[in-house]
Amino acid sequence: MGLPERLRKEWFILGIVLVIAVARLEPAVGVKGGPLKPEITITYIAVSAIFFNSGLSLKTEELTSALMHVKLHLFVQIFTLVFFPTAIWLFLQLLSITPINEWLLKGLQTVGCMPPPVSSAVILTKAVGGNEGIVITPLLLLLFLGSSSSVPFTSIFSQLFMTVVVPLIIGQIVRRYIKDWLERKKPPFGAISSCVLLMIIYTTFCDTFANPNIDLDKFSLIIIVFIIFSVQLSFMFLTFLFSTRNNSGFTPADTVAIIFCSTHKSLTLGIPMLKIVFAGYEHLSLISVPLLIYHPAQILLGSLLVPTIKSWMVSRQKALKLTRQPKAPVKV
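Residues numbered from 1 in each chain as written. Predicted model: local features only at pLDDT ≥ 70, side-chain atom pairs only at ≥ 80, totals over all residues. Heavy atoms only, no water.

1. Brief notes about the overall build of the protein
So, step 1. A tally of regular secondary structure across the protein gives 14 helices and zero strands.
So, step 2. Helices and strands in the protein line up, N terminus first, as α-α-α-α-α-α-α-α-α-α-α-α-α-α.
So, step 3. By residue count, 45% of the 332 residues in the protein fall in the buried class.
So, step 4. A separation threshold of at least 6 residues defines the contact pool for the protein, and within that pool the share at least 24 residues apart is 84%.
So, step 5. Approximately 17500 Å² of the protein is accessible, and the part contributed by carbon and sulfur atoms is 69%. (Helix = DSSP H or I, 4+ residues; strand = E, 2+ residues; numbered from the N terminus. Buried < 20%, exposed > 50% of the residue type's maximum accessible area, 1.4 Å probe, protein only. Contact = heavy atoms within 4.5 Å. Areas by Shrake-Rupley, 256 points an atom, 1.4 Å probe, with all protein chains shown as cover.)

Dropping the structure here:
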């Protein structure tokens, strides 16, 4: 793949770098109370637009099919929303005595609380040829993050309901009436959500760069990058071990879905969620940094591991077929 094709494919990651750079150069445009009025356009309109778009693109029949894989679904939900955040919390108790920036550590905890993305986990699973379809539970995510915020739980829940749940439901209702048109035209749902997400990231960092009291040391950033890559690799290996045990009951294709869906985290849901849960935090952008790093890291690691995992899955499936074939009768 040439450089132009690679840049076109990874335009969103480049967009993240670009909007942060623009926010650094001219933070006054996107700060609270500035020309863009992010307290209205971002908090309500942009976040609602992302989830309305998700409602339009979400195929109900695929959700129904996903729920049929009860054991697989349960494993991913427990690993993602129970084991992952708990393990990170225990790890952070050790890191709290280090000089690493405390807001980056809080951001690392929020990464642990995020659900898997519908996008990257599904794309990578399809690239290998595995099973897909894990339903995200936003309410469980809110329960994990709620205790870390000074914003009242009722306020978080009401805004979450109005800007996430309601637009999602409306999008699903609208989809029923224009389903044929959507299937025929195939609008770029992913690109639309990504563009809105870039706007949210831009305004978040505008608030940061406009505040002279916020400083991010390079040592903390480098350590956080190393931790994120280490956590992803460790958890991918751990899910592989869990799902390939003799009595696990999972097929090789199930294992592929588990590896990707259990360890990947949703940036599309995560950034808007952080805007709601940590509303008013002057360190919101620092809390967001680990998630912004985790996103390209999971895509990079996933892309590098796809050939290896695909090779393992194919060989494993062939081995299982051979063991299931009836033996030819011995002629006397």
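2. Considerations on the packing of helix H5 (residues 70–95) against helix H11 (residues 218–243)
So, step 1. For the pair H5 and H11, interaxial distance at closest approach is 12 Å and the crossing angle is 135°. The orientation of H5 with respect to H11, classified from their angle, is oblique. Crossing angle aside, the handedness with which H5 passes H11 is right-handed. Across the interface between the two elements, Phe75, Phe79, Phe83, Phe84, Ala87, Ile88, Phe91 and Leu95 of H5 pack against Ile227, Val231, Phe235, Leu238, Thr239 and Phe242 of H11.
So, step 2. Across the contact of H5 with H11, the residue classes break down as 13 nonpolar, one polar and no charged. (Axes fitted to C-alpha atoms, helices over the stretch in contact; angles between N-to-C directions. Parallel < 35°, antiparallel > 145°, perpendicular 65-115°, else oblique. Left-handed = near helix turned anticlockwise from the far one by under 90°. Nonpolar A, V, L, I, M, F, W, Y, C, P; charged D, E, K, R; others polar.)

3. Digging into the packing of aromatic side chains
Two measures describe an aromatic ring pair: the distance that separates the ring centres and the angle between the ring planes.
So, step 1. Taken as a whole and judged by the stated rule, the model has nine aromatic pairs.
So, step 2. With a centroid separation of 5.6 Å and an interplanar angle of 75°, the aromatic rings of Phe75 and Phe250 are classed as edge-to-face. Here Phe75 is found in helix H5, whereas its partner Phe250 is found in the loop between H11 and helix H12 (252–263), with 175 residues between them in sequence.
So, step 3. With a relative accessible area of 18%, Phe75 lands in the buried category.
So, step 4. On the basis of relative accessibility, which here comes to 15%, the residue Phe250 falls in the buried class.
So, step 5. Note on Phe83 and Phe235: the rings are 5.7 Å apart at their centroids and 55° apart in plane angle, and the pair reads as tilted. Of the two residues, Phe83 sits in helix H5 while Phe235 sits in helix H11, which places them 152 residues apart along the sequence.
So, step 6. Site record: aromatic cluster; members linked through ring pairs are Phe75, Phe79, Phe83, Phe84, Phe235 and Phe250.
So, step 7. Over the aromatic face of Trp103 sits the side chain of Lys106, whose NZ or CZ is 5.6 Å from the ring centroid. (Phe/Tyr/Trp six-rings, centres within 6.5 Å; stacked < 30°, edge-to-face > 60°. Lys NZ or Arg CZ within 6 Å of the ring centre and 35° of its normal.)

4. Looking at the environment of Met114
So, step 1. With respect to the helices and strands, Met114 occurs in the loop between helix H6 (102–113) and helix H7 (120–128).
So, step 2. Since its relative accessible area comes to 0%, Met114 is described here as buried.
So, step 3. Along the primary structure Met114 and Ile271 are separated by 157 residues, whereas in three dimensions their C-alpha atoms are 9.9 Å apart.

5. Considering the pattern of salt bridges
So, step 1. Tallied over the full model, the rule gives one salt bridge.
So, step 2. Between Arg175 and Glu183 there is a salt bridge whose closest N-O contact spans 3.1 Å.
So, step 3. A residue is classified by how much of its surface remains accessible, and Arg175, at 5% relative accessible area, is buried. (Salt bridge = Lys/Arg side-chain N within 4 Å of Asp/Glu carboxyl O.)

6. Regarding unusual backbone geometry
So, step 1. The backbone of Lys37 shows a phi angle near 50°, a positive value even though the residue is not glycine.
So, step 2. Of note, Lys37 is situated in the loop between helix H2 (11–25) and helix H3 (38–57).
So, step 3. Looking at Lys37, the relative accessible area reads 40%, which means it is partly exposed.
So, step 4. With a phi close to 50°, Lys186 is a non-glycine residue in the positive phi region.
So, step 5. For Lys186, the position within the fold is in the loop between helix H9 (153–185) and helix H10 (189–209).

7. Things to note about the side chain of Thr239
So, step 1. Within the secondary structure, Thr239 is located in helix H11.
So, step 2. Owing to a relative accessible area of 0%, Thr239 belongs among the buried residues under this scheme.
So, step 3. At a separation of 2.8 Å, a polar atom in the side chain of Thr239 contacts the main-chain carbonyl oxygen of Met236.
So, step 4. Aside from chain neighbours lying at most four places away, what touches Thr239 is Phe79, Ile258, Ile259, Ser262 and Thr263. (Polar contact = N/O pair within 3.5 Å; in protein donor to acceptor, adjacent residues only side chain to side chain.)

8. Notes on helix H13 (residues 267–277)
Along an α-helix, a turn takes 3.6 residues, which lines up residues three or four apart on a common side.
So, step 1. The element H13 is extensively covered by neighbouring structure, given that 10 of its 11 residues are classed as buried.
So, step 2. Along H13, the residues classified as buried are Leu267, Leu269, Gly270, Ile271, Pro272, Met273, Leu274, Lys275, Ile276 and Val277.

9. Comments concerning the nonpolar core
So, step 1. If you look at the biggest cluster of nonpolar residues, it comprises 61 residues, and the most contacted ones within it are Leu197, Ile200, Ile201, Ile224, Leu267 and Ile271.
So, step 2. It is helix H14 (residues 284–324) that provides the largest number of residues to this core, a total of nine residues.
So, step 3. Filtering out sequence-adjacent residues up to four positions away, Ile201 remains in contact with Ile16, Val19, Ile20, Ile271 and Leu292. (Core = buried A, V, L, I, M, F, W, Y, C linked by side-chain atoms within 4.5 Å.)

10. A word on the side chain of Ser288
So, step 1. Residue position: Ser288 is located in helix H14.
So, step 2. Ignoring sequence-local partners within four residues, the contact set of Ser288 consists of Thr204, Ile271 and Leu274.

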